[in-house]
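Residue-level listing of the chains:
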Amino acid sequence: MRNDLHGIIYTLSSEPALRELVEHRNSASIPFGGRYRLIDFALSAMVNAGVRDVGVIMERDYQSLLDHLSNGADWGLARRTGGLRLLPPFGLREAHSGNFNGCMEALRSVSSYIRDIPQENIVLCAADWVGNIDLGKAVDVHMRTGADITAVCSEGYGPFPHHRLVPDGDGLARKLLFSEGGPGPGLFSREIYILKRDFLLELMDYCSDMVHDHFHRDALAHYLAGGGKIAVYEHNQYARRITSVRDYYDASMELFQPKMLAELFPADGLPIRTKERAEVSTYYGEQAKVSGSLVADGCYIEGQIENCILFRGVRVAKGARLKNCIIMQDTAIQADARLSSVIADKDCVITQGTVLTGTDTLPIVVPKGTTV
Amino acid sequence: MKKECIAMLLAGGQGSRLYALTANVAKPHIPFGGKYRIIDFPLSNCANSGIDTVGVLTQYRPMKLNAYLGTGQPWDLSADDGGVFVLPPYMSAGEKGNWFSGTANAIYQNIDFIDVRDPEYVLILSGDHIYKMDYSDMLREHKEKGAACTIAVIQVGMDEAKRFGIMNCGEDGYVVDFEEKPAHPKSDLASMGIYIFTWSKLRQALIDDNADPNSSQDFGKNIIPNLLSAGEKLWAYRFKGYWRDVGTITSLWDANMDMLSPELIDLYDSSWPIMSRSPIRPPHVAGPEADIRHSIVTEGCVVDGSVFNSVLSNQVVVEKGAHVEYSVLMPGAVVEAGAEVRFAILGENVRVCKGAHVGTEPDGTDSWGVATCGPDVTVGPGAQVAPGAMLYDDLVAT
């Protein structure tokens, strides 16, 4: 058991390109993969690496996140000493809007919490990504190199603005590049970092004095300018950052590739934990037809589904046909509806005979609780 | 810590008529209906009825059951002043300890446990029945009728009655006579093995019964008849709804098939959830070649073959080209490509290899029955498991 590590997950203002998906929630609690919320992947990675104490710095619109995390019991984090700590955005004395401009501002709002962390090292990341990252191995790199900070990086690139690290011959990066999206030199930073606690406090003091809010642009750039070095752990399996509806849809559809699915949910590997709910198994009716789909428990399927992701408690009535759709929990698809490339949020009703046709590049999003 | 009513769940029996399936685990731990294990039903009924203290009496092969129960948290039974308590037989100072010699003896040996909770009433439950029941309604009737004991009864066919404990009631509804498995039943009201006792009456009856060297220390054979002959009021609580004893291979298979018919028992009803401890697994995968009809599938399954009229527990794999029909597949069972499973029960982690056949359709003969493979058994490539077979060990094609 690794008790020298403390987890901090921060949530920032949701990207506007996530549209309806963040109408009622922060991006950290967007449902993904049939039974998860995005934050489950960060939390599970930490718990799987033996982290026993995790602080979650919450942005505004955190009601759904509170409902999901509760006391942390489903991640094994309901503990008398330590465990899950939920940190609302109103910890500062000055009036606060509940929005953070950047990671350093979020950390500053809980600086007394961070100063009290007993562990020597901290895993720091956002909650807007999907993946099954073995942080235990990243910690090994961090310990072996004795670095102040270790970054989880991947080959390739993001379609969105991101940071890149270019390691030197000794495997340590001394340069940080900003990319608007697309390929570039070096490695793509997953923005998951392991840092020494005292080093993080130094970065926070610097940013506080300068009234800087950003982790990469301000804190890391300052550190590297002063001769700092970043150790690198490469994760080249399935991992995706979700910053837009398009990212969300693409990342979901990739789960139908057996290789991607096995990397995210390895049969005998690290489990992704989520909130449990009392649920029955899924029932397929006499006329049901299913192919290439991912289906959670509690569904009742009498229609046809092809390349679909069904969350817990979804109902698909007779004669309904769904193709390339993502249907979130407790949404009902009534008889003879035809849906193609649709993302239906929680608790929607798609009434009898409705036809909704989106495309791969422009999926239709039905907001939470809508009757169509 | 005064409680109005606590439950004592009898979970110590071997379930010997399930043969290989209970060779290594107690019957209440047997997987059922995809998501569940048998004990989930009485435990969830307790939680939903507002009973927060459940003593679980274990004796036969309890290790897996103990681990499954844990703190009782999955059934919302981990409250500060309640909870699930596993009660095994124990040793006492200065004297030799005893195994539980009968259902009544199991409760007798735990009188201290009950006294600490100081309840007015004690609910006695079995760990081998599938049903949804509001025990608080039964308790209300027990109090209204001023009974020493209330027995839940269900109407069965007259031809079936000889398999049950039968209650004969007077015109006022009170029990006048009780017969265990009568050859010529006088009534069709069968005992469901669910009792509510006024604790002071039961406590004395247990002490008296324990002093009788000829008693088999059993509720049906001793305690109930003794209370009757002592002139105590016994009330029959009539239960209408789905209830099945799953003590045999045929009844276990039948009851699993019933789960495919929500009109018999609605497990989707969110006002009466049946709760379970589930392994952490992703949603099930239906592959491009999957054909799943009139079946139950659970998280962690990977299905790329055809599955008709069957119940799949978590982590079951049905490979491309495999065929499963009218069967119950317990957690971790694997059916490889080209294998066929018909009218069968596959225990946990059974592997049916390529081209093997397990079971057949009913052929009208007396020797036909559901084929059963015990846990961890491998049915080798091309091997055949005959209908009605009970497989304890690996099988290789001859």
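Scroll up for the structure.
Conventions used here
- Residues numbered from 1 in each chain as written.
- Chains lettered and ligands numbered in written order.
- Predicted model: local features only at pLDDT ≥ 70, side-chain atom pairs only at ≥ 80, totals over all residues.
- Heavy atoms only, no water.
- Disulfide = S-S within 2.5 Å.
- Buried < 20%, exposed > 50% of the residue type's maximum accessible area, 1.4 Å probe, protein only.
- Helix = DSSP H or I, 4+ residues; strand = E, 2+ residues; numbered from the N terminus.
- Phe/Tyr/Trp six-rings, centres within 6.5 Å; stacked < 30°, edge-to-face > 60°.
- Salt bridge = Lys/Arg side-chain N within 4 Å of Asp/Glu carboxyl O.
- Contact = heavy atoms within 4.5 Å.
- Buried area = accessible area lost by both parts, 1.4 Å probe.
- Polar contact = N/O pair within 3.5 Å; in protein donor to acceptor, adjacent residues only side chain to side chain.
- Nonpolar A, V, L, I, M, F, W, Y, C, P; charged D, E, K, R; others polar.
- Pairing = 2+ DSSP bridges.

*Asks:* Got a sec to walk through the state of the cysteines? Specific residues and values, please.
*Replies:* Residues and elements named next belong to chain A. Applying the stated rule across the entire model yields zero disulfides over all chains. Note on C308: no disulfide assigned, nearest cysteine sulfur contributed by C325 at a separation of 4.7 Å. Taking relative accessible area as the criterion, C308 reaches 0% and is therefore assigned buried. Distance from the sulfur of C348, which forms no disulfide, to the nearest cysteine sulfur (C325) is 12 Å. The exposure class of C348 is buried, given its relative accessible area of 1%.

*Asks:* Provide a residue-level description of helix 1 (residues 40-49) of chain B, including the pertinent values.
*Replies:* All names here are of chain B. Most of helix 1 is tucked away: eight of the 10 residues are buried. Among all positions of helix 1, only D40, F41, P42, L43, S44, N45, C46 and S49 are buried. Two residues or fewer after helix 1 comes G50, characterised by a positive phi angle close to 85 degrees.

*Asks:* For the packing of aromatic side chains, give the residues involved together with the corresponding values.
*Replies:* Aromatic ring pairs are defined here through the distance separating the ring centres and the angle between the ring planes. Per the counting criterion, the structure on display carries 23 aromatic pairs over all chains. With a centroid separation of 5.2 Å and an interplanar angle of 25 degrees, the aromatic rings of Y36 of chain A and F265 of chain A are classed as stacked. Taken together, the positions of Y36 of chain A in strand 3 (residues 36-37) and F265 of chain A in the loop between helix 9 (258-264) and strand 14 (282-284) put the pair 229 residues apart, joining distant regions of the chain. Look at F85 of chain B and F113 of chain B: their rings are 5.4 Å apart centre to centre, the planes differ by 65 degrees, and that puts the pair in the edge-to-face class.

*Asks:* Outline the pattern of salt bridges, supporting the account with residue identities and numerical values.
*Replies:* Overall, the coordinates contain 41 salt bridges over all chains when judged by the stated rule. Between R174 of chain A and D170 of chain A there is a salt bridge, and its shortest N-O distance comes to 2.7 Å. Look at R174 of chain A and you get partly exposed, because its relative accessible area is 34%. One salt bridge in this structure joins K181 of chain B and E180 of chain B, with 4.0 Å as the shortest N-O distance. With a relative accessible area of 52%, K181 of chain B lands in the exposed category. Owing to a relative accessible area of 38%, E180 of chain B belongs among the partly exposed residues under this scheme. Sharing partners across several salt bridges, the network here consists of R35, E276 and D297 of chain A together with K35 and E299 of chain B.

*Asks:* Please set out the interface of chain A and chain B residue by residue, giving values where relevant.
*Replies:* Taken together, the contacts link 35 residues of chain A with 29 residues of chain B. Overall, the association of chain A and chain B removes approximately 2700 Å² of surface from exposure, summing both partners, and the carbon and sulfur fraction of that is 53%. A salt bridge links D297 of chain A to K35 of chain B, with the nearest nitrogen and oxygen atoms 2.5 Å apart. The interface formed by chain A and chain B holds 20 residue pairs in polar contact (both at pLDDT 80 or more) in total. Elements with a minimum of two residues in the side of chain A that touches chain B: strand 14, strand 15 (289-291) and strand 16 (293-295) of chain A. For the side of chain A that touches chain B, the per-class residue count stands at 18 nonpolar, nine polar and eight charged. In this sheet, strand 14 (residues 284-286) of chain B lies alongside strand 16 of chain A in antiparallel orientation, the contact comprising three bridges. Residue S293 of chain A lies in a different strand from strand 14 of chain B, and its bridge partner there is A286 of chain B.

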